[in-house]
Each structure stands twice: as structure tokens, then as C-alpha cells.
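Geometric and topological summary
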Amino acid sequence: MHKDEIKGTAKQAKGAMKEASGKATGNDRMQAEGAAEKTAGKVQKGVGNLKDAARDALKH
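Residues numbered from 1 in each chain as written. Predicted model: local features only at pLDDT ≥ 70, side-chain atom pairs only at ≥ 80, totals over all residues. Heavy atoms only, no water.

Focus: helix H2 (residues 28-59)
We count it as follows: Strands here are runs of E lasting at least two residues and helices are runs of H or I lasting at least four, both read from the DSSP assignment and numbered beginning at the N terminus. What a helix is expected to span follows from its residue count: subtract one and scale by 1.5 Å. Residues are treated as being in contact if the distance between any of their heavy atoms lies within 4.5 Å. Here a polar contact means two N or O atoms within 3.5 Å. Within protein one must be a hydrogen donor candidate and the other an acceptor candidate, and residues neighboring in sequence count only if both atoms are side-chain atoms.
Its 32 residues place the ends of H2 47 Å apart at the C-alpha level, agreeing with the 46 Å of an ideal helix rising 1.5 Å per residue. Buried residues in H2 make contact with helix H1 (3-25). Measuring from the backbone nitrogen of Arg29 back to the side-chain oxygen at the start of H2 gives 3.2 Å, which picks out Asn27 as the cap.

Considering the packing of H1 against H2
Cut-off, in case you're wondering: Simply put, an axis is a line fit to the C-alpha atoms, just over the touching stretch for a helix, and the angle between two N-to-C directions goes from 0 to 180 degrees. Throughout this description, any angle smaller than 35 degrees is read as roughly parallel, any larger than 145 degrees as roughly antiparallel, any in the 65 to 115 degree range as roughly perpendicular, and the remainder as oblique. By convention, the crossing between two helices is left-handed when the near helix turns anticlockwise from the far helix through less than a right angle, and right-handed when the turn is clockwise. Just so you know the grouping, Ala, Val, Leu, Ile, Met, Phe, Trp, Tyr, Cys and Pro go in nonpolar, Asp, Glu, Lys and Arg go in charged, and all remaining residues, Gly too, go in polar.
Two elements in contact, H1 and H2, have axes whose closest approach is 7 Å; the angle formed by their N-to-C orientations is 165°. In terms of orientation, H1 lies roughly antiparallel with respect to H2. The handedness of the crossing between H1 and H2 comes out as left-handed. The residue makeup of the contact of H1 with H2, split by class, is five nonpolar, twelve polar and 15 charged.

Notes on H1
Every α-helix carries 3.6 residues per turn, so stepping three or four residues along brings you back to the same face. Cut-off, in case you're wondering: Burial status follows relative accessibility: with a 1.4 Å probe on protein chains alone, a residue under 20% of its type maximum counts as buried, one over 50% as exposed, and anything between as partly exposed.
The terminal C-alpha atoms of H1 lie 33 Å apart, and with 23 residues this matches the ideal 33 Å at 1.5 Å per residue to within 8%. When H1 is considered as a whole, its buried residues turn out to be Asp4, Glu5, Gly8, Gln12, Gly15, Glu19 and Gly22. Where H1 is buried, its residues meet H2. Backbone geometry just downstream of H1 places Gly26 in the positive-phi region, at approximately 80°.

Structure follows, in C-alpha cells:
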């Protein structure tokens, strides 16, 4: 597992909590920030997956 996968997963979780908190309190800005952070986490996790796949392909 690549470090980007771990960081991306953590960022997704943090974003989801922030989004839910914003939704619960009616804070549109916090909700939008959380959604953006969640998306950034998904992208970062995907980058980590690609790096892992590339590393595995080079080993074989």
C-alpha cells in the first residue's frame, strides 16, 4: 500500500465528517469544503493505486 492511498483515505474520512457536520448545522460553506476534501482524498487515493500498480508491473 502506498502512502498516498493511506493519506487519501484519511482525507476522504475527514471530508465526509466535515460535510456531515456542515449539513447538520446548516453551514453550507463547511459542507462544500467537506465535499471538496472528500473528492481530493479520492483523487489522492487513486494516485496511490496507480503508483502501486506501476511498481508491481515493474517487479514482474
